[in-house]
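Each chain is listed here by its residues.
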Amino acid sequence: SWSNEQRYRAITDAKDGELSALEAKVTKSIWRQTYHIQPNYGLLNDPNGFCYYNGKYHLFYQWFPFGAVHGMKHWYHLTSADLVDWQEEGVALMPEFPHESHGIFSGTGFVEEEQLYLFYTGNHRNETWQRRSSQCLAILSSDGKIEKVTEPVISGPPKQYTHNFRDPKVFKKGNHYYMLVGAQREALEGCLLVYVSDDLKSWKFKQELKTNHESFGFMWECPDYFSLQGQEVLLVSPQGLKAKGNDFQNIYHSGVFIGEFDEQMVSFDTHAFQELDKGFDFYAPQTTQTPDGRQILIGWMGLPDTDYPSDKDGWANCLTTPRELSIKNGRIQQQPLQELKQKRVKTKHQQVRVASSRERLKTIFSEAGEYQVTIKVEDAKKAGIAFSVGENEETVCLLDRESKYFSLDRTQSGIPVATDFGTVRKMIYQQPTIQLTIFLDQSSIEVFVNDGEAVFSSRIFPKEDSRFIELFAENGTAQIDITQWSYE
Ligand code: FRU
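Keep in mind that this is a model prediction, so the values were computed, not measured.

Engineer: An account of empty space enclosed by the protein is requested, with residue identities and associated values reported.
Structural biologist: By rolling a water-sized probe across the atoms, one finds the places where empty space is left. Evaluated as defined, the whole model comprises six cavities of 30 Å³ or more. In terms of lining residues, the largest cavity is bounded by 13 residues, among which Y35, H36, W86, T321 and P322 are the most central. Considered class by class, the residues forming the lining of the largest cavity number nine nonpolar, three polar and one charged. In this structure, the second largest cavity spans a volume of roughly 70 Å³. For the second largest cavity, the full set of lining residues is R410, T411, S413, G414, I415, P416, V417, T419, T423, R459, I460 and F461.

Here it is, written out as structure tokens:
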């Protein structure tokens, strides 16, 4: 366990050789990803400042360098021309001023007048370890230099709200700039606060955003806002929702409201809250728009307050693959980023008819890459595909025709994670055919269902040699088609 002194050090406090020793340890981890964004060492959490600026995509993430714990957070910076190959730019923001002495927390990248405005939360702990939060600004210019505004642009929460006050989302609407800040009422209920500005530097508090989700968890984190197909979308990570049916099964959740702001920008008329991911590890996603108008989402493939098996190797967490959003029948659909097809190197295909049996593939193995799987159930009660199969290990995608659901099962995926929250995730599914697009990496699986109706994002921690793929049908027959594109 880490003392506060060990947890609250900035990267510039590293002792000689400390970080290279940590990196050497991390490199030996069998769970290092091959194509997902992950920290070189230490702990990654939320994506931050996702935007397109000066001819490329910029993406930052929350980073604690010294080990797999939530400690002093920095913003680590990456850039990309195509959202596929990322170049590491190093640490962009680290604590310098008293108001951010305990971390640079999450926020937005907002482009205006050829500059990239980075809004973030300054996290400070006072002498009695009480949290003090302020909203802060740094400006990245086209020459790559980042300059911080030395004082917070918002020094603290308004009366009647706690210092759980963070993760500013900034955007322009009409003639004004707006900021939504994740907040908590003194009654310990989550909400968003609305600020307005005409110059991005001086901000005025308007009021709490009114929604018809007045009492919905104890804290709202990481708001995002965008318009899509002529509709407005508010994205948020509310903490403290209770499990309901197949929804909200993890410790914390992220989702969207589709609705409409009123003209005053103080109420958002919305109907249902749609959970964004049905898997085990997903939180605090952010979106940006591509120059050709697509809305792209990236999430943290991990959760707060959760231990991961790679912690002992000196690193934790990664981001999801990028996804393209659309709205269909009033719901957000998520499809894999088109550009990911660039990564396809080799392809293999196999079609198998399984009749009350289980078959291990002899030419296709669980390797980092993409899989298209179609399961057509004829008269079987259950059919599916198991990845990363080895001795007592497997990660199972299952179509259950009897109970009418599709599930991702990580009961036997390897070293267990967060088992208090269960080991199976389900969605109701009525049809006899299902089409899956699956992204597999050394320690993760992302399963897209049909046209992006649902995504299941999960970390898995199998043994190194759990590499087989098996197809199965129970009590009857099924036809299973698998195409693999390996990435290297
Ligand atoms: C969400 C979060 C944010 C905060 C950041 C700190 O995971 O708790 O609310 O800004 O992580 O790392």
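Read on for the rest.
Engineer: So, the domain arrangement of the chain: which residues are in play, and what are the values?
Structural biologist: Each assigned domain of the chain is listed with its residue range as follows: domain 1 (4-339) and domain 2 (344-486). Summarising the inter-unit geometry, the C-alpha centres of domain 1 and domain 2 are found 31 Å apart. Counting from both sides, the interface comprises 35 residues of domain 1 and, opposite them, 37 residues of domain 2. Taken as a group, W31, K278 and F280 account for 23% of the area that domain 1 buries against domain 2, more than any other trio of residues on that side. On inspection of domain 1 and its partner domain 2, the count reaches two salt bridges. In this structure, the salt-bridge partner of D281 is R410, at a minimum N-O distance of 2.9 Å. Our enumeration of links across domain 1 and domain 2 arrives at 24 residue pairs in polar contact (both at pLDDT 80 or more). It is strand β21 (residues 331-336) that provides the largest number of residues to the side of domain 1 that touches domain 2, a total of five residues. Here the side of domain 1 that touches domain 2 is built from residues that sort into 13 nonpolar, 15 polar and seven charged.

Engineer: Outline the packing of aromatic side chains, listing residues and values.
Structural biologist: Summed over all chains, the structure comprises 34 aromatic pairs. With a centroid separation of 4.4 Å and 35° between ring planes, the pair formed by F171 and Y225 is classed as tilted. Separated by 54 residues along the polypeptide, F171 in strand β9 (residues 166-173) and Y225 in strand β13 (residues 219-228) bring together distant segments of the chain. Neither F171 nor Y225 differs from the other in exposure class; each is buried. Ring pairing ties together the aromatic residues F171, Y178, Y225, F261 and F268, which thus form one cluster. R32 extends its terminal NZ or CZ atom over the ring of W315, reaching a point 4.5 Å from the ring centre. Its end group placed over the ring of W485, R344 keeps NZ or CZ at 3.6 Å from the ring centre.

Engineer: Run through the pattern of salt bridges, naming residues and quoting values.
Structural biologist: Counting across every chain of the model gives 27 salt bridges. Between E18 and R9 there is a salt bridge, with the nearest N and O atoms lying 2.9 Å from each other. With relative accessibility at 23%, the residue E18 sits in the partly exposed group. Residue E100 pairs with K148 through a salt bridge whose shortest N-O separation is 2.6 Å. Taken together, the residues span a long stretch of sequence, with E100 in the loop between β4 (86-93) and β5 (104-112) and K148 in strand β8 (residues 146-148) at a distance of 48 residues. The same class applies to E100 as to K148, namely buried. Within the structure, one salt-bridge network assembled from shared partners comprises R185, E189, E208 and E214.

Parameters and conventions
Residues numbered from 1 in each chain as written. Predicted model: local features only at pLDDT ≥ 70, side-chain atom pairs only at ≥ 80, totals over all residues. Heavy atoms only, no water. 1 Å grid on protein atoms, 1.4 Å probe; cavity = no way out; pocket = protein on both sides within 12 Å on 5 of 7 lines; lining within 4 Å. Points joined across faces, edges and corners; volume = space filled by probe spheres on them. Nonpolar A, V, L, I, M, F, W, Y, C, P; charged D, E, K, R; others polar. Domains from an automatic or database assignment. Contact = heavy atoms within 4.5 Å. Buried area = accessible area lost by both parts, 1.4 Å probe. Salt bridge = Lys/Arg side-chain N within 4 Å of Asp/Glu carboxyl O. Polar contact = N/O pair within 3.5 Å; in protein donor to acceptor, adjacent residues only side chain to side chain. Helix = DSSP H or I, 4+ residues; strand = E, 2+ residues; numbered from the N terminus. Phe/Tyr/Trp six-rings, centres within 6.5 Å; stacked < 30°, edge-to-face > 60°. Buried < 20%, exposed > 50% of the residue type's maximum accessible area, 1.4 Å probe, protein only. Lys NZ or Arg CZ within 6 Å of the ring centre and 35° of its normal.

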